[in-house]
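# Chains, contacts and geometry: an overview
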Amino acid sequence: MILTEFQDRSLRPLTRHVTVQEDLEHMQDGILTELGELLDVFKKHINYKKDFDFINAKEECGDILFYTVNICNILGYQLKDNLIVQREQTINAKEARKIVLRGFAQAGMMFDYSMPNQGQVEAMILTIVNIADYLGLSMSSIFERNVEKLALRYKDKFTPEEAENRDLEAELAVLSK
């Protein structure tokens with residue numbers, strides 16, 4: 001799956017609020033929440049010496065991207081596939097953790113003003129590309145698993161009931177592909 005297809009398919013589960021500002025605040029809250037969850041994966045690996053949880057990291061990257069591309073959908077920005085160029089990186093977990101922390105800074109900059117510009121949103125996407133490079137994950141795989149997970153979770157659009165009553169085993173099976 002390519003970025004533009006992911007952007008289009010991410011519209012399906014998106015539930016809109018009354019105002020664009022409310023939509024953007026929802027996306028911001030989602031990005032920050034998922035960045036925190038991704039940081040937790042690194043914390044457990046670096047500080048608690050646990051095996052790195054690649055499945056969870058892939059899920060969090062996909063969720064961050066879902067919220068990020070939906071900022072573009074809300075504001076009418078069309079992403080381009082050539083934005084993503086993956087490369088092999090040789091950085092350690094502590095360096096990758098720093099990239100996650102930069103993601104928090106990126107999110108803060110995106111929302112310093114009422115409407116993030118396309119360059120700010122693209123910078124957030126590139127932050128996740130850098131993390132995926134470290135993890136050895138293809139962006140296509142991240143896109144595909146996120147779309148599959150959300151299709152499994154939501155019959156149509158997001159609902160609080162479906163978010164709370166999800167089949168975690170089935171989602172894990174999708175994410176483990």
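Structure report, in brief. All values reported here derive from a predicted model rather than from experimental measurement. (Residues numbered from 1 in each chain as written. Predicted model: local features only at pLDDT ≥ 70, side-chain atom pairs only at ≥ 80, totals over all residues. Heavy atoms only, no water.)

## With respect to the overall build of the chain
When helices and strands are tallied, the chain shows 8 helices and 0 strands. Listing every helix and strand of the chain by position from the N terminus yields α-α-α-α-α-α-α-α. Computed over the C-alpha atoms, the radius of gyration of the chain is 15 Å, within 12% of the 16 Å expected from 2.2 N^0.38 for a compact globule of 177 residues. For the chain, the C-alpha atoms occupy an extent of roughly 45 × 35 × 30 Å along the three principal directions. (Helix = DSSP H or I, 4+ residues; strand = E, 2+ residues; numbered from the N terminus. Rg over C-alpha atoms; globule rule 2.2 N^0.38 Å.)

## Some details on the packing of helix H2 (residues 20–46) against helix H3 (residues 54–75)
Between H2 and H3, the least distance of the axes is 9 Å, while the angle of their chain directions is 165 degrees. Accordingly, the angle class assigned to the pair H2 and H3 is roughly antiparallel. Crossing of H2 over H3 shows left-handed handedness. On H3, the residues touching Val20, Asp23, Leu24, His26, Met27, Gly30, Ile31, Glu34, Leu35, Glu37, Leu38 and Val41 of H2 are Asn56, Ala57, Glu60, Cys61, Asp63, Ile64, Tyr67, Thr68, Asn70, Ile71, Ile74 and Leu75. Looking at the contact of H2 with H3, its residues break down into 14 nonpolar, 5 polar and 5 charged. (Axes fitted to C-alpha atoms, helices over the stretch in contact; angles between N-to-C directions. Parallel < 35°, antiparallel > 145°, perpendicular 65-115°, else oblique. Left-handed = near helix turned anticlockwise from the far one by under 90°. Contact = heavy atoms within 4.5 Å. Nonpolar A, V, L, I, M, F, W, Y, C, P; charged D, E, K, R; others polar.)

## As for the pattern of salt bridges
On inspection of all chains with the given rule, the structure shows 12 salt bridges. Among the ionic contacts, a cluster of salt bridges with common partners joins Glu144, Arg145, Glu148 and Lys177. (Salt bridge = Lys/Arg side-chain N within 4 Å of Asp/Glu carboxyl O.)

## Description of helix H8 (residues 168–175)
Here H8 has its buried residues at Glu171, Val174 and Leu175. Buried residues in H8, looked at end-on, bunch into an arc of 95 degrees, giving them a common side. Along its buried surface, H8 packs onto H3 and helix H6 (139–153). The opening residue of H8, the one whose side-chain oxygen lies 3.3 Å from the backbone nitrogen of glutamate 169, is aspartate 167. (Buried < 20%, exposed > 50% of the residue type's maximum accessible area, 1.4 Å probe, protein only. Arc of directions from axis to C-beta. Polar contact = N/O pair within 3.5 Å; in protein donor to acceptor, adjacent residues only side chain to side chain.)

Geometric values such as these leave the question of function open.
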